[in-house]
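# Geometric and topological summary
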There are 2 protein chains.
Amino acid sequence: MPVSPRPRGRVSLVGAGPGDPALLTRRAASRLRAADLVLFDALVDERLLTLAARAQRFFVGKRAGRHALTQDEINNIMIRAAQRGRRVVRLKGGDPFVFGRGGEEAQALQAAGVPFEVVPGVSSVLAGPALAGIPVTQRGVAGAVLVTTGHDESAFAAQVGQLSPGGVTLVVAMGHARRAALAGVLRAAGWPTDTPAAVVASASSPRQYVWRGTIERLEQGEGGLDGDSPALLVVGQVAALDLTSAPINRVARRRDDRRGIRPRSTEPDALRSPVVRRGER
Amino acid sequence: MPVSPRPRGRVSLVGAGPGDPALLTRRAASRLRAADLVLFDALVDERLLTLAARAQRFFVGKRAGRHALTQDEINNIMIRAAQRGRRVVRLKGGDPFVFGRGGEEAQALQAAGVPFEVVPGVSSVLAGPALAGIPVTQRGVAGAVLVTTGHDESAFAAQVGQLSPGGVTLVVAMGHARRAALAGVLRAAGWPTDTPAAVVASASSPRQYVWRGTIERLEQGEGGLDGDSPALLVVGQVAALDLTSAPINRVARRRDDRRGIRPRSTEPDALRSPVVRRGER
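Rules used in this analysis
In this numbering scheme, every chain counts its residues from 1 along its sequence in written order. For naming, the first written chain is A and the first written ligand is 1, with later ones following in the order written. Where totals are concerned, whole chains, interfaces and linings use all residues; where local detail is concerned, this predicted model gives features only for residues with pLDDT of at least 70, and gives and counts side-chain atom pairs only at 80 or more. Hydrogen atoms and water are omitted, and side-chain values are computed over all heavy atoms in the structure. In this text, helices come from DSSP runs of H or I with a minimum length of four residues, and strands from runs of E with a minimum of two, each type numbered from the N-terminal end. Only protein chains enter the accessibility calculation, which uses a 1.4 Å probe; a residue is then buried when its area is under 20% of its type maximum, exposed when over 50%, and partly exposed in between. Surface accessibility in these figures is a Shrake-Rupley result with a 1.4 Å probe; residues are shielded only by whichever protein chains are displayed. Pairs of N or O atoms within 3.5 Å make up the polar contacts considered here, provided that, within protein, one atom can donate a hydrogen while the other can accept it, and that residues adjacent in sequence are counted only when both atoms are side-chain atoms. It only takes one pair of heavy atoms within 4.5 Å for two residues to be counted as in contact. Where each domain starts and ends follows an automatic or database-derived domain assignment. When two parts are brought into contact, each loses some accessible area as probed by a 1.4 Å sphere; the total of that loss over both is the buried area. Should a side-chain nitrogen of Lys or Arg be within 4 Å of a carboxyl oxygen of Asp or Glu, the pair is scored as a salt bridge. Residues were grouped as follows: Ala, Val, Leu, Ile, Met, Phe, Trp, Tyr, Cys and Pro as nonpolar; Asp, Glu, Lys and Arg as charged; and all remaining residues, including Gly, as polar. Copies are brought into register by a least-squares superposition over C-alpha atoms of residues with pLDDT of at least 70 in both. Think of each axis as a best-fit line through the C-alpha atoms, taken over the contacting stretch in the case of a helix, with angles from 0 to 180 degrees between the N-to-C directions.

The number of helices and strands found in chain A is eight helices and ten strands. In chain A, buried positions account for 60% of the 281 residues. Total accessible area on chain A is roughly 11500 Å²; 52% of this is exposed by carbon and sulfur atoms.

In this fold, Thr-25 of chain B is placed in the loop between strand 1 (10–15) and helix 1 (26–34). At 3.0 Å, the side chain of Thr-25 of chain B forms a polar contact with the backbone nitrogen of Ala-28 of chain B. Sequence-distant contacts of Thr-25 of chain B, defined by excluding residues within four places in its chain, comprise Ala-22, Leu-23, Leu-24, Thr-25, Arg-26 and Val-122 of chain A together with Val-119 and Pro-120 of chain B.

Residue and element names in this part refer to chain A. Per the domain assignment, the segments of chain A are domain 1 (10–123 + 259–271) and domain 2 (133–240). Here domain 1 and domain 2 have C-alpha centroids that lie 26 Å from each other. Each partner contributes residues to the interface: domain 1 has twelve residues there, and domain 2 has 16 residues. A buried area of about 1100 Å², summed over both sides, lies between domain 1 and domain 2, and 60% of it is on carbon and sulfur atoms. Run the count over domain 1 and domain 2 and you get zero salt bridges. Scanning the region where domain 1 abuts domain 2 turns up one residue pair in polar contact (both at pLDDT 80 or more). Here the residues of the side of domain 1 that touches domain 2 sort into six nonpolar, three polar and three charged.

A few words on the interface of chain B and chain A. A common measure of how large an interface is: the accessible area buried when the components associate. At the junction of the two partners, chain B supplies 75 residues and chain A supplies 74 residues. Together chain B and chain A conceal approximately 6400 Å² of surface at their shared face, both sides included; 53% is due to carbon and sulfur atoms. Considering only the side of chain B, the residues that lose the most area to chain A are Arg-26, Arg-27 and Phe-97 of chain B, jointly responsible for 13% of the buried surface there. The tally of links from chain B across to chain A stands at four salt bridges. One salt bridge in this structure joins Glu-104 of chain A and Arg-139 of chain B, with 3.6 Å as the shortest N-O distance. Of all the secondary structure elements, the ones that give two or more residues to the side of chain B that touches chain A are helix 1, helix 3 (102–112), strand 5 (116–119), helix 4 (124–131), strand 6 (142–149), helix 5 (153–160), strand 7 (167–173) and helix 8 (248–259) of chain B. No other element matches the seven residues that strand 6 of chain B contributes to the side of chain B that touches chain A. Looking at the side of chain B that touches chain A residue by residue, the class counts come to 37 nonpolar, 20 polar and 18 charged.

Once that is clear, we can look at the relation of the copies chain B and chain A. Between chain B and chain A, which share one sequence, the superposing operator has a rotation angle of 180 degrees and an axial displacement of 0.0 Å; the RMSD is 0.0 Å. Such a turn and shift between the copies fits a two-fold axis. A share of 99% of the interface residues of chain B reappears at the interface of chain A, consistent with the copies meeting face to face through the same patch.

For the rest of this paragraph, the subject is the pattern of salt bridges. A side chain of one charge can pair with a side chain of the opposite charge if their charged atoms are brought near each other. Residues and elements named next belong to chain A. According to the stated counting rule, one finds 24 salt bridges over all chains in the structure shown. Close ionic contact of Arg-217 with Glu-222 constitutes a salt bridge, the shortest N to O distance being 2.9 Å. The partly exposed category is assigned to Arg-217, whose relative accessible area is 31%. Salt bridges linked by common partners bring Asp-41, Arg-90, Lys-92 and Glu-105 together as one network.

On to the packing of helix 1 (residues 26–34) of chain A against helix 1 of chain B. For any two helices packed against each other, one specifies the inter-axial angle together with the distance between the axes. One can describe the packing of helix 1 of chain A onto helix 1 of chain B by two numbers: an axis separation of 8 Å at closest approach and a directional angle of 120 degrees. Between helix 1 of chain A and helix 1 of chain B, the contacting residues are Arg-26, Ala-29 and Arg-33 of chain A on the first element and Arg-26, Ala-29 and Arg-33 of chain B on the second. A breakdown of the residues in the contact of helix 1 of chain A with helix 1 of chain B according to their chemical character gives two nonpolar, no polar and four charged.

Attention shifts here to the environment of Ser-30 of chain B. Residue and element names in this part refer to chain B. Its place among the elements puts Ser-30 in helix 1. On the basis of relative accessible area, Ser-30 is assigned to the buried category, the value being 9%. Ser-30 sits 22 residues away from Ala-52 along the chain, and the two C-alpha atoms are 9.2 Å apart.

Following this line, the structure appears as structure tokens:
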């Protein structure tokens, strides 16, 4: 067989999934194992980095009070490393093309003529609700899903303000801190205040936390969290569903509701996992 | 260590991802390897089933001209097998809770008291566009995504009719055959007829096919496919993007455009994959 003339250097824009290393795709795990350089951001669960044993690993995201690299700086590091023949993994929480600026990075790589690929990941915006027992679609209940962000209230209002309430599930990333204002936008747009709503935080991690309520209760500021874990808002009739395995998860959740606070991360995993997990990492 | 009193029988509702076995999650692969029984449907790529070497494998989906099992029959098979101590994998294309009735199956399992879990998968509705070089979100272009189906034109009209055009990417599953009518709904709702649109078929398989055009060209019936491969419609400014690695994919796509037909599946994989894929299966 002829030797490939293709240079070895390349960039893989890899989706890390919601956090649990078992929800990484097989291609993502393979790329991490082969990587020379891994650039990761704040939404990536650091358990994943142990796979990239032979790589240099750099945190390039934003963290409270710390100066982050600019997008141009990240792009330049990727381009230069690939041009020097290195296998670069740009590891992004969830899926690289669902928020998170993966598209801009792909454009920069394309413009520089650097070989790259996108490795789709399990997107947190869909998997987070699923792991909380909420199917974002359900026959006769929700036939569509609108996925958006909540950091810009006026953009949110423009996106959802004209959407007819009912039949559509709304999943909002980066909106937890503004949940009261966003719930107000929905009420003003005609969504009934008793529409079910949920907060799903740290999905797939041992600290996964689920709050269930309504738009009205969100507007009153309920559904709070300790710390600044990534959290999703889910709004629509499906948010009232709780399709988790009986009876184990139910016990754990009832206790959370009673305490009204986030469960400690030391809670035994057996209380949350209905199925034994072994031999998969 | 005490022996667990938990019965071994259980059901895993597993997302199969878009098709390529490398895009299966590690948990999904683990569940397939351990399965006694696998029930799969038409959207599942049969390459995945080779992982379930020790399982009985049954096709339970719909196929042209063939009677399918009813949802109740599928539920009953899963429940009875789990109650007999079998490890059941219900393998669904993409993600089990994004269309595909996974929520109904979870409800039936929950009602029967059968231990179950959901293993989220890489959803085809987001990964399909990504593999075609289309980021469903992009800063300054699209800040939200509406995911829906196109098999019911009036439901589609209700969902998108009030959505303001611009800023939102529309991904439509099960709508390819009705693409002209759906494009007409969008035009009637005020979407500019030159809004970019794409058809993405068999994403992640060797037969992956991408057509790019506009709402107007979709309404004229362009973007057709041979056969009945699963295909997505993507509508919005991002559908004009082509963030695939230069120059290899570009050559392959240009040839497709010229021929105006679907590429043969015998086309060498090297023409479509910018990056060597090995050691990941």
